[in-house]
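# Fold and contact review
Here is what each chain is made of, one letter per residue.
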Amino acid sequence: MTFQKNFKEDSIMAEPTVLGYIKEQPERLKYVFENKDVFVKPFVDVFTKNNIKKVIFFGSGTSYNVSILGTYYFKHLVGIDAEYQYPTVFKNYEKADWSGLLKKDEILYVGISQSGTSISTCEVMKFAQQEGYHTLAITGNLNSEITKYVDTKVHLLVGDELTPPETKGYTTSVISVYLWAVECAHVTGKMSDAEYEKALDETKKLVDQFQTVVDESEAWYDRNRTTIVNSDRLYFLGYGIDFATAIEAQLKVGEMLRLPALGYEIEEYSHGPTMAISKKQTICIIGSDEGEFEHSVDFSKSFKKYTDRVHFITCKDLGNDPRDCVFSVKTNKYLAPLMFTVPFQFVAAKGAKDIGIDTAINPFDENLAHYKD
Ligand SMILES: O=P(O)(O)OC[C@H]1O[C@](O)(CO)[C@@H](O)[C@@H]1O
């Protein structure tokens, strides 16, 4: 069986490669931002018409990691309840509102699936629809399986991504979910006109500078490639919103570079896994804001006593250690995950190339994760 992906838009690449898709992100994110009405309007319509009080995000793999960010965006920016859940675990162990205070039609189930064919995500949306909840899916293929199980289908403007691992699929999904939250926050009065303009301005500024993000990420990988690809194990550590980047890095490296890769909340990492710390381990610490940043710097100093392979990925000022990826592009902590994922896309895709792995081939030939189109 072959890996199933099916996007209807034309590919602009003669021979699709993960590295090609990584490098397409500046242009693609700009396109997504300029065409935001396509995916923001249908979401906001459902949200406002139904006076939604809670959003539950579902996805698998990369799309699950997007759900983590979506949840923080809706909690912090829109100020409503939100959750991210593994689809099948949710079906078997959870319910939409344990408090019993919300009406069914105040809850929105959101399925994120670039291909629209992830089995578990499709199944939970089908279940939600049968139970009578509002259901919405964002997908790159508006004729895909998931669209059969939702009231509202929203187009993810990702274009083709014909290689198994998703890279631009992640960043286009993140920016889409962020723009949903910004718009919902504005229309509900949670964000003032000035705050709304600022949020859009910051988004535009970031997508306009995304080529620099890609260039600085690749340069960071090139500077550190030798130790990275010769590591016994790679850890990706982040607090709060940066935890999404940590487990997205774990996933990308697991898919492509295929070395042992572990994503942890940074303090959790210090509760046990540090017992295994050794000189051939690479530890990447992601982003962070305010107090979390200071704390992460303290952690990195301690880790450096045990391995030289400690890297900080941030847009805060941090000096000139070539092991770090300190972006010259600055942005807010909600948009920063768009940047922080890119260095790890290079670790995964360029690292794989450097050690002779073809990322266009999925050697696992079983159809467990996706429906066939
Ligand atoms: O967003 P989709 O298409 O549901 O896919 C989710 C996940 O499935 C895979 O494509 C393979 O299982 C992963 O690479 C990806 O993270």
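A quick note: this is a predicted structure, and the numbers were derived from the prediction, not measured.

## Description of the packing of helix α1 (residues 18–34) against helix α13 (residues 342–354)
Helices that pack against each other are described as a pair by the angle of their axes relative to one another and the distance between those axes. The contact between α1 and α13 brings their axes to 10 Å, and the two run at 155°. The orientation of α1 relative to α13 falls into the category roughly antiparallel. Note on packing geometry: the crossing formed by α1 with α13 is left-handed. Taking contact as the criterion, the partners of V18, L19, I22, K23 and Q25 in α1 are, on α13, V342, Q345, F346, A349, K350 and K353. Taken together, the residues that form the contact of α1 with α13 break down as six nonpolar, two polar and three charged.

## As for the site of the ligand
The environment of the ligand is formed by 16 residues, the closest being S63, S113, S115, S118 and E255. Within the side chain of S63, a nitrogen or oxygen atom sits 2.6 Å from an oxygen atom of the ligand. The separation between an oxygen atom of the ligand and a polar side-chain atom of S113 is 2.6 Å. Computed on the free molecule, the ligand has an accessible area of 390 Å², of which 90% lies beneath the protein chains in the complex. For the shell around the ligand, the secondary-structure elements that each account for two or more residues are α3 (62–78) and α9 (242–255). Of the residues that constitute the shell around the ligand, the class distribution is four nonpolar, nine polar and three charged.

## Quick notes on α13
In this model, α13 (13 residues) spans 17 Å end to end at C-alpha, consistent with the 18 Å of a helix rising 1.5 Å per residue. Within α13, eleven of the 13 residues are buried, leaving the element largely enclosed by the surrounding structure. Taken as a whole, α13 has its buried residues at V342, P343, F344, Q345, F346, V347, A348, A349, K350, G351 and A352. At the exit of α13 stands G356, carrying a positive phi of roughly 85°.

## Describing the sheet that holds strand β10 (residues 325–326)
Taking strand neighbours across the sheet as the criterion, the five strands line up as β7-β6-β8-β9-β10 in an open arrangement whose pairing is parallel. Every other strand in the sheet has two partners, leaving β7 (261–264) and β10 as the edge strands with one partner each. As paired strands, strand β6 (residues 233–237) and strand β8 (residues 281–286) are joined by five bridges and run parallel to one another. Paired with L234 across the bridge in β8 is T282.

## Here we look at the domain arrangement of the protein
Splitting the protein by domain gives domain 1 (18–191) and domain 2 (210–355). Taking the mean C-alpha position of each, domain 1 and domain 2 sit 26 Å from one another. The interface is formed by 25 residues belonging to domain 1 together with 27 residues belonging to domain 2. In this assembly, domain 1 packs against domain 2 so that about 2200 Å² is buried in total across both faces, 73% of it on carbon and sulfur atoms. When the buried surface of domain 1 facing domain 2 is broken down by residue, L19, P26 and Y170 rank first, second and third, together holding 22% of it. One can count one salt bridge joining domain 1 with domain 2. One salt bridge in this structure joins E218 and K23, with 3.2 Å as the shortest N-O distance. At the boundary of domain 1 and domain 2, one finds nine residue pairs in polar contact (both at pLDDT 80 or more). Listing elements by their share of the side of domain 1 that touches domain 2, those giving two or more residues are α1, α3 and α6 (168–187). Here the side of domain 1 that touches domain 2 gets nine residues from one element, more than from any other, and that element is α3. Among the residues making up the side of domain 1 that touches domain 2, the classes are represented as 16 nonpolar, seven polar and two charged.

## A short note on the pattern of salt bridges
When the charged atoms of two side chains lie near each other, side chains of opposite charge can form a pair. The full count for this structure, using the stated rule, is 23 salt bridges. Residue K350 is joined to E218 by a salt bridge in which the shortest nitrogen-to-oxygen separation is 2.6 Å. Taken as a pair, K350 in helix α13 and E218 in helix α8 (residues 210–229) lie far apart in primary sequence, 132 residues in all. Judged by its relative accessible area of 14%, K350 falls in the buried class. With a relative accessible area of 15%, E218 lands in the buried category. Put simply, D222 and K350 hold a salt bridge, and the shortest N to O gap is 3.0 Å. Of this pair, D222 sits in helix α8 while K350 sits in helix α13, and the two are 128 residues apart along the sequence. In this structure D222 comes out as partly exposed when scored by relative accessible area, which is 30%. Within this structure, K23, E218, D222, R225, K350 and D354 form a network of salt bridges that share partners.

What counts, and where the lines are drawn
Residue numbering note: each chain is counted from 1, following its sequence as written. Where local features are concerned, this predicted model is filtered to residues with pLDDT of at least 70; where side-chain atom pairs are given and counted, the filter is 80 or more; whole-chain, interface and lining totals use all residues. The side-chain numbers reported here are obtained from all heavy atoms of the structure, hydrogens and water having been left aside. An axis is simply a line fitted to the C-alpha atoms; with a helix, the fit covers only the stretch in contact. Between two such axes, the angle follows the N-to-C directions and lies from 0 to 180 degrees. Runs of H or I in DSSP of at least four residues are treated as helices and runs of E of at least two as strands, each being numbered from the N terminus. Relative orientations are named as follows: roughly parallel for angles under 35 degrees, roughly antiparallel for angles over 145 degrees, roughly perpendicular for angles from 65 to 115 degrees, and oblique for any other angle. Left-handed describes a crossing whose near helix is turned anticlockwise from the far helix through less than a right angle; right-handed describes the clockwise counterpart. Residues count as neighbours in contact if any of their non-hydrogen atoms are within 4.5 Å of one another. Only Asp, Glu, Lys and Arg are considered charged, only Ala, Val, Leu, Ile, Met, Phe, Trp, Tyr, Cys and Pro nonpolar, and every remaining residue, Gly among them, polar. When at least one non-hydrogen atom of a residue lies within 4 Å of a molecule or strand, that residue is treated as near it. Counted as a polar contact is a pair of N or O atoms within 3.5 Å, where, for protein atoms, one must be capable of donating a hydrogen and the other of accepting one, and residues adjacent in sequence contribute only when both atoms are in side chains. The method behind every accessible area is Shrake-Rupley, applied with a 1.4 Å probe, and residues are considered shielded solely by the protein chains displayed. Every helix has an expected span of 1.5 Å times one less than the residues it contains. Relative accessible area decides the class of each residue, using a 1.4 Å probe on protein chains only: under 20% of the type maximum gives buried, over 50% gives exposed, and in between gives partly exposed. Here the rule is simple: two strands pair whenever DSSP picks up at least two bridges between them. Segmentation of the chain into domains, including their bounds, is taken from an automatic or database domain assignment. Reported buried area values correspond to the accessible surface (1.4 Å probe) lost by two parts on association, with both partners' losses combined. Whenever Lys or Arg places a side-chain nitrogen within 4 Å of a carboxyl oxygen from Asp or Glu, that contact is recorded as a salt bridge.

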